[in-house]
Amino acid sequence: MLTEADQAAGLRQQAREFLAGHDPAAMPRLEFLRARFDAGLAWVHYPAGLGGQGLPRSFQAAVDAEFAAAGAPDNNPARIGIGLGMAAPTILAYGSEEQKQRWLRPLWTGEEVWCQLFSEPGAGSDLAGLATRAVGDADGAGWRVSGQKVWTSIAHAARWGLLLARTDPDVPKHAGLTYFGLNMKQPGVDVRPLRQLTGEAEFNEVFLTDATVPDTDRIGGIGEGWRVAQATLMNERVAIGGGALPREGGMVGLAAAAWREHPQARTPGLHDRLIRLWADAEVARLAGARLRQQLAAGTPGPEGSAAKIVFARLNQELSAFEVELAGAAGLTYDDWTLRRPETLSFFGRGPGYRYLRSRGNSIEGGTSEILRNIIAERVLGLPAEPRVDTRVPWKDLPR
């Protein structure tokens, strides 16, 4: 029986053989990415035929290193993060075989961008209380969707949306939801920018007016939307807070670089803060590596909630450290232009941008308050908060 070291070596050899027959410098980018997916070298922990080989996800780093060393193009993960981190694992766990074959390949290659249509103006932290309605056609072949979604990242660039909608108002709120893949490029879908504290508008509000969804794009059973949505949310928290980073990767690397580059700004107090933050970031990085090793190709557990809380706190404290280290220059801002970026990156902008943008880290992907409740109830086993609306039909709830 092959050891893990033997399997990893075999994967590296597969990658080298693939690269020998597919010169990334000579092939069109999209053609190269499609071929990589078909060879099972996209995400190795996915099943054969769906971009992988059914191997542990920890082997992915070995494959990625071979492609990076050869100068091969990546799939622009900063642009398709929602698809990679949320849509793909949800489709894998709950989608039909036809949906997996239809959606996963263009998702991984970046041909089709995905967004998430969950939150609403009246249903943020109480997601199960959402009001967007999906009404089935008389023949059962499709649905018509009307309502409003909000805080929808990258919706202006998305081809598909992960839609959670109410299909039965006569049952309790959690039971009346169904999950769909929504075509964002159809009539009846109106995407409008939401300008943020940073001046940019990566977020959007989305208005749905009789948008159509064929029943073949329903993910999971009718009324099972809450269960499917939980898979998306838990994967989202892992994607946000449990990403693979090298030592001093991410925001702590920027703070450490600023410290090294500006010795005149150093004080004993700032030094103490940086050391503590550096240690916290290293603990979070190692915990994230352990979390990823524990994940199978299915649904992660609530541990991702803790990773996401730590990620938000660290980003906010590190960006505040950067601003303070910059002194008076930290009060300036580089660009207030209203843009609608298709990627999110803390790199390439000034400390002021990182400080402002990190304020949203404790809101997006589940507020830190909600995530603490999840940890208390599902990890620590503490008593749940009293809830009086779980058995009342949604239509009878006060709004």
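Structural data are supplied above this passage.
Numbering of residues starts from 1 in each chain and follows the order in which that chain's sequence is written. The predicted origin of the model limits local features to residues at a pLDDT of at least 70 and limits the giving and counting of side-chain atom pairs to 80 or more, whereas totals for whole chains, interfaces and linings rest on all residues. Side-chain calculation: all heavy atoms of the structure are included, whereas hydrogens and water are not.

(A) The arrangement of the side chain of Glu66 in detail. Secondary structure elements follow DSSP: runs of H or I of four or more residues count as helices, runs of E of two or more count as strands, with numbering from the N terminus. With respect to the helices and strands, Glu66 occurs in helix α3 (residues 60–69). Only 3.3 Å separates the side chain of Glu66 from the side chain of Arg16, close enough to count as a polar contact. Contact partners of Glu66, with chain neighbours within four places excluded, come to Arg12, Ala15, Arg16 and Leu19. Distance and chemistry together define a polar contact, namely a pair of N or O atoms within 3.5 Å, with one atom able to donate a hydrogen and the other to accept it when in protein, and with adjacent residues in sequence counting only for side-chain atoms on both sides. What makes two residues a contact is simply this: any of their non-hydrogen atoms within 4.5 Å.

(B) Main features of the nonpolar core. In this structure, Trp43, Ile91, Leu104, Trp114, Phe118, Leu164 and Tyr179 are the most contacted members of the largest nonpolar core, which totals 30 residues. Elements that contribute at least two residues to this core include exactly α2 (29–38), α4 (81–94), α5 (97–109), β4 (160–166), β5 (177–183) and α6 (225–241). No other element matches the six residues that α4 contributes to this core. In this structure Leu104 touches Phe37, Trp43, Tyr46, Leu50, Ala88, Ile91 and Gln99, once residues within four positions along its chain are discounted. Nonpolar cores were defined as sets of buried Ala, Val, Leu, Ile, Met, Phe, Trp, Tyr and Cys residues, with membership established by side-chain atoms within 4.5 Å. Only protein chains enter the accessibility calculation, which uses a 1.4 Å probe; a residue is then buried when its area is under 20% of its type maximum, exposed when over 50%, and partly exposed in between.

(C) α2, seen in detail. Listed as buried for α2 are Phe32, Leu33, Ala35, Arg36 and Phe37. On its buried face, α2 sits against α1 (4–21), α3 and α5. In the stretch just after α2, Gly40 is the one whose phi turns positive, near 80 degrees.

(D) Structural view of unusual backbone geometry. Phi is positive for Asn76, which is not a glycine, with a value near 55 degrees. When you line up the elements, Asn76 lands in the loop between α3 and α4. The phi dihedral of Trp151 falls on the positive side, at around 60 degrees, and the residue is not glycine. Mapped onto the secondary structure, Trp151 falls in the loop between β3 (142–149) and β4.

(E) Summary view of α5. For α5, with 13 residues, the first-to-last C-alpha span of 19 Å sits near the 18 Å given by 1.5 Å per residue. For α5, the full list of buried residues reads Gln99, Lys100, Trp103, Leu104, Pro106, Leu107, Trp108 and Thr109. Where α5 is buried, its residues touch α2, α4, β1 (114–117), β4 and β5. Looking at the residues trailing α5, positive phi occurs at Gly110, about 85 degrees. Multiplying one less than the number of residues by 1.5 Å gives the expected span of a helix.

(F) Seen up close, the packing of α4 against α5. As a rule, the C-alpha atoms of each element are fitted with a line to give its axis, helices using only the stretch in contact, and angles between N-to-C directions run from 0 to 180 degrees. Two numbers describe how α4 lies on α5: the axes approach to 10 Å, and their chain directions differ by 165 degrees. If you check the angle between α4 and α5, you find them roughly antiparallel. The chirality of how α4 crosses α5 is left-handed. Side by side, α4 and α5 meet where Gly83, Leu84, Ala87, Ala88, Ile91 and Leu92 of the first sit next to Gln99, Lys100, Trp103, Leu104, Leu107 and Trp108 of the second. Roughly parallel refers to an angle under 35 degrees, roughly antiparallel to one over 145, roughly perpendicular to one between 65 and 115, and oblique to any angle outside these ranges. Crossing handedness follows the turn of the near helix against the far one: under a right angle anticlockwise gives a left-handed crossing, and clockwise gives a right-handed one.

(G) Highlighting the packing of aromatic side chains. Here the aromatic set is Phe, Tyr and Trp, taking the six-membered ring for Trp, and pairing holds for ring centres within 6.5 Å; pairs whose planes are under 30 degrees apart are stacked, those over 60 apart are edge-to-face, and all others are tilted. In the structure shown here, the tally under the stated rule is 14 aromatic pairs. Centroid distance Phe32 to Phe67: 6.1 Å. Interplanar angle 75 degrees. Geometry classified as edge-to-face. Here the residue Phe32 occupies a position in helix α2, and Phe67 occupies one in helix α3, the gap between them amounting to 35 residues. With respect to class, Phe32 is no different from Phe67; both count as buried. For the pair Phe37 and Trp108, a centre-to-centre distance of 6.3 Å together with 45 degrees between the ring planes defines the contact as tilted. With a gap of 71 residues between them, Phe37 in helix α2 and Trp108 in helix α5 connect regions that are remote in the sequence. As far as burial versus exposure is concerned, Phe37 and Trp108 are alike and both buried. Three or more aromatic residues link up through ring pairs in this structure, and these residues are Phe37, Trp43, Tyr46 and Trp108. Lying across the ring of Phe67, Arg36 places its NZ or CZ 3.9 Å from the centre. In this scheme, Lys NZ or Arg CZ marks a charge over a ring once it lies within 6 Å of the ring centre and within 35 degrees of the ring normal. Residue placement shows Arg102 over the ring face of Trp103; its charged tip is 4.5 Å from the ring centre.

(H) Fine view of the side chain of Ser368. Among the secondary structure elements, Ser368 is positioned in helix α11 (residues 368–379). Residues in contact with Ser368, not counting those within four places in the same chain, are Ile309 and Ser362.

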